[in-house]
Amino acid sequence: MGELTGSENRVDIASVDNLKTLIRNIAKVNASEIERNKSKTNEPADLKVEEIAAQVISFDVFEALDTVAATALIKSLNENIQVILGKDVLVRNQGIGKLVPLLYEVLSLIFAQTDEQFRKNHLNDLLEFYFSELEVNLESAGSDYILKRAVFNFQVKYLLVSVKFQTLLEALQDQDAKNQKRVSELVKNLQNYFSFPKINQEDVYTVVRNKVGSNNYELVSYELIPLDAKNGHLGEYFQLKIEITRNGKSERLNLFAKLINVNHALLKDLLERGPSKKEEFFYMVLLPRMRDLGLGELLDFAPNCYLSRVDDILVLDDLTSAGFVGLTPNIKLDYSALKVATRQFAKLHACSIIMEEILSKQAGKRVTMYDLYSEYLQEVLFLPDVPDMKRSFDATIDNIEYIGSKFPEIAGKYPSEELRKKAQKGFNLALERVKPSEKVKNVICHGDVYVSNMLFNFDANNKCEAVKLIDFQLLRYCPPTQDLMFFLYQNSVKSTLDQCKAELIEEYYKVLSNSLEKFNLNIKELYPREVFEESLKLLKVQGIFHAFFYSPIQTLDPKLRESVFSDEKAFEKLKGNRFGLIDIGLELESYREVMKSLLSYVIELCDAGEL
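Okay, so let's go over this structure.

So, how was this worked out
Residues numbered from 1 in each chain as written. Predicted model: local features only at pLDDT ≥ 70, side-chain atom pairs only at ≥ 80, totals over all residues. Heavy atoms only, no water. Helix = DSSP H or I, 4+ residues; strand = E, 2+ residues; numbered from the N terminus. Rg over C-alpha atoms; globule rule 2.2 N^0.38 Å. Buried < 20%, exposed > 50% of the residue type's maximum accessible area, 1.4 Å probe, protein only. Areas by Shrake-Rupley, 256 points an atom, 1.4 Å probe, with all protein chains shown as cover. Axes fitted to C-alpha atoms, helices over the stretch in contact; angles between N-to-C directions. Parallel < 35°, antiparallel > 145°, perpendicular 65-115°, else oblique. Contact = heavy atoms within 4.5 Å. Phe/Tyr/Trp six-rings, centres within 6.5 Å; stacked < 30°, edge-to-face > 60°. Lys NZ or Arg CZ within 6 Å of the ring centre and 35° of its normal. Polar contact = N/O pair within 3.5 Å; in protein donor to acceptor, adjacent residues only side chain to side chain. Salt bridge = Lys/Arg side-chain N within 4 Å of Asp/Glu carboxyl O. Pairing = 2+ DSSP bridges. Core = buried A, V, L, I, M, F, W, Y, C linked by side-chain atoms within 4.5 Å. Disulfide = S-S within 2.5 Å. Left-handed = near helix turned anticlockwise from the far one by under 90°. Nonpolar A, V, L, I, M, F, W, Y, C, P; charged D, E, K, R; others polar.

### Points about the overall build of the chain
The number of helices and strands found in the chain is 23 helices and 12 strands. Relative to the compact-globule value of 25 Å for 611 residues, the chain shows a C-alpha radius of gyration of 27 Å, a close match. Each of the 611 residues in the chain was classed as buried or not, and the buried ones make up 54%. Accessible surface, the chain as shown: approximately 27700 Å² in total, 49% of it carbon and sulfur.

### Some thoughts on the packing of helix α17 (residues 494-517) against helix α23 (residues 589-607)
Axis separation between α17 and α23 bottoms out at 9 Å; the angle between their running directions is 55°. By the angle class used here, α17 and α23 are oblique. Between α17, through K494, S495 and L497, and α23, the contact on the second element is made entirely by E593, S597, S600, Y601 and E604.

### A look at unusual backbone geometry
Phi is positive for A64, close to 45°, though the residue is something other than glycine. With respect to the element layout, A64 can be found in the loop between α2 (49-58) and α3 (67-87). Although it is not a glycine, N247 adopts a positive phi angle of roughly 55°. On the secondary structure map, N247 appears in the loop between β4 (235-246) and β5 (249-260). Looking at N247, the relative accessible area reads 64%, which means it is exposed.

### Observations concerning the packing of aromatic side chains
Tallying each qualifying case throughout the model produces 31 aromatic pairs. Ring geometry for F281 versus Y376: centroids 4.5 Å apart, planes at 0°, classification stacked. In this pair, F281 sits in helix α10 (residues 275-292) while Y376 sits in the loop between α12 (369-373) and α13 (387-406), placing the two residues 95 residues apart along the sequence. Positioned over the ring face of F111 is R119, at 4.1 Å from the centre of the ring. Above the plane of the ring of F131 lies R149, whose end atom (NZ or CZ) is 4.0 Å from the centre.

### A word on the environment of H349
Structurally, H349 can be placed in helix α11 (residues 335-363). Using a relative accessible area of 0% as the deciding quantity, one classes H349 as buried. Residues H349 and S515 lie 166 residues apart in sequence; the distance between their C-alpha atoms is 9.6 Å. For H349, the residues in contact, after removing those within four places along its chain, are V443, I444, C445, P480, D483, Y508 and L512. Within the local environment of H349, its side chain forms a polar contact with the side chain of D483, the two groups lying 2.8 Å apart.

### As for the pattern of salt bridges
Any two side chains of opposite charge can pair, given that their charged atoms come close. Considering all chains together, one arrives at 35 salt bridges under this definition. Between R24 and E133 there is a salt bridge, with its nearest N and O atoms 3.7 Å apart. Taken as a pair, R24 in helix α1 (residues 16-37) and E133 in helix α5 (residues 116-140) lie far apart in primary sequence, 109 residues in all. The partner of R592 in a salt bridge is E589, and the shortest N-O contact between them spans 3.8 Å. On the criterion of helical spacing, the pair formed by R592 and E589 is a turn pair, its members being three residues apart in helix α23. E589 sits in the exposed class, given a relative accessible area of 53%. When salt bridges with common partners are traced through the structure, they connect K157, D203, R309 and D312 into a single cluster.

### Here we look at the pairing of strand β11 (residues 464-469)
Pairing geometry for strand β10 (residues 454-458) and β11, over five bridges, is antiparallel. From the neighbouring strand, N457 faces β11, where its bridge partner is A466. Linking β10 to β11, which pair antiparallel, is a turn of five residues; within it N462 sits at a positive phi near 65°.

### Quick look at the environment of D46
Positionally, D46 belongs in the loop between α1 and α2. Put simply, D46 and L85 are 39 residues apart on the chain and 7.8 Å apart in space, counted from C-alpha to C-alpha.

### Observations concerning the sheet that holds strand β8 (residues 324-326)
Pairing in this open sheet of three strands is antiparallel, and the strands run β8-β10-β11 from one edge to the other. Two strands bound the open sheet, and with one partner strand each, they are β8 and β11. Neighbouring strand axes in the sheet, compared pairwise and without regard to direction, differ in orientation by 35° on average. Of the strands in this sheet, β10 and β11 are in contact with α11, which crosses β11 at around 40°.

### Observations regarding the nonpolar core
What tends to happen in soluble globular proteins is that the nonpolar side chains get buried as a cluster. Counting 121 residues, the largest nonpolar core has F282, F301, F456, L484, F487 and F545 as its most contacted members. Top element by residues in this core is α11. It accounts for 13 residues. If sequence neighbours within four positions are ignored, F545 has contacts with I400, A423, G426, F427, A430, V602, L605 and L611. I23, I74, L99 and L107 belong to the second largest nonpolar core, which has 65 residues in total.

### Comments concerning the state of the cysteines
Note: disulfide means a covalent bond formed between the sulfur atoms of two cysteine side chains. Scanning all chains against the criterion turns up zero disulfides. In this structure C464 is not part of a disulfide, and its nearest cysteine sulfur, from C500, lies 13 Å away. Judged by its relative accessible area of 5%, C464 is buried.

### Examining the side chain of R309
Inspection of the secondary structure puts R309 in strand β6 (residues 305-309). Given a relative accessible area of 12%, R309 falls into the buried group. Among the polar contacts listed, one links the side chain of R309 to the side chain of D203, at a separation of 2.9 Å. A distance of 2.7 Å separates the side chain of R309 from the side chain of D312, its partner in a polar contact.

### A few points about the packing of α5 against helix α6 (residues 149-173)
Between two packed helices, the angle of one axis relative to the other and the distance separating the axes together describe the packing. Running from amino to carboxyl end, α5 crosses α6 at an angle of 135°, the nearest separation of the two axes being 12 Å. Overall, the two elements α5 and α6 adopt an arrangement that is oblique. Classified by chirality, the crossing of α6 by α5 is right-handed. Here α5 contributes L123, L127, E128, Y130 and F131 to the contact with α6, which in turn contributes R149, F152, V156 and L160. Residues that form the contact of α5 with α6 fall into these classes: seven nonpolar, no polar and two charged.

This is the structure we're talking about:
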């Protein structure tokens, strides 16, 4: 079945073609079994991960292994595999005659017949081949079962480790000399797993290949180093440092990794509605498509991405080595940073418009981004029918009323009850206007352009020179002025915005126009100034109330917020005071300035008769 390598100390390696033939047969059998096994079976499936791993460890093949930590890690691995066994469709492994998850037999086959170098070059392609063959066979069988990509990736992530332990145990029990290489490779691979369990070595191979554009390298080592920054809500941040040799020279790749955190129930629910799926779509589908269409010169608004997997991991260039820094969410921007950031999301919006025009021309009919990618552009945040979100929206109205009572010199002419009614009307308008518009231009919007979702590069005089947009988890299809209005009201204070708002709006429209012009498109035809101005008026309400939705919590200094939640007595006091955090914030002038600014904007809407 395999092709001998000619050395007794090397693994018998199957060819890619031979493996594909076997995988095609497995996919065919699996597809035929799915209908039979997709309802719960009384026959239990047990991969005995903990038992197998314990036997491997008993051989004492790992250097300086912390057995307590390793046991805890394997227990966690087993819990994830039990989730797979409990929720996913099982199929019968023809070799062992037991029910196993879909991927188990394919992974076992590949590891039994290949070495580390082969898997570095071909594992991803073989798994993709299995995925596509299974889809084809399910369709041919008329099955209504759909293997979701996220489920497939979840299985790969954890079953990979299980199969490595199983393959290593078999090699350790077999004293054949040719297994020495297999043992050595798997021990090193699993040693890395014990050191950095949040990322598999196979993920590192994918990252390196995408980064250097080739499999022609040797992996020396890698490490995942936690970062202190906790600005994001949906992940843990790390530096991923990889050592390789290529063309006889050593290279170090410095990258940034975000691991999705789904521990909190509300965030888990939010993830299930699609943020991580949106981000994977953005980096792995949308940006490459734009690049293929010739839009590369406009894509400097985002960092390069080398791995993105739904609800799991995102690996980007580590821009800190190029001088970029992240800012905490309570920071408000000066004119220089506002201007540079405005240019960047103007380019994002321009790319959306240009792509629509190119694809419409190719199709000979009108094509929109929503037509093509509606699955990834659905709203996941502003959903008033979702109970947790409705409570958050109601809390925003409470906060506006409360802050109005704290600054009667601003809200004075609108008594508390009247202010609340107008705030409710404003928030209802905001929820409506964030949707795709039938009146004005729609584009793919970032949806969450506040400081913690950007990286900034400042010169020696603290003037902003460059900005990168990150965290594309709230993508939506709506008027581009949704990003513009929210960005301006969220990331500045009134004293700054009063001076430069008109200039920033002009800068946005100019960059948008110039970007379209590079592709021989006329903004006067695609997005006339009068339509743009109308959209600004419509989305002003959304921008202000979106900012008010975020700001009472985000404007708090993160260290202050952390100290409050870590102080048991202080935290107990907060439980009985729903405005406790706001009261703590209002003790600082910077926080007061932000709340006064936002309240002033609401009052201006009231005075203008817009609420």
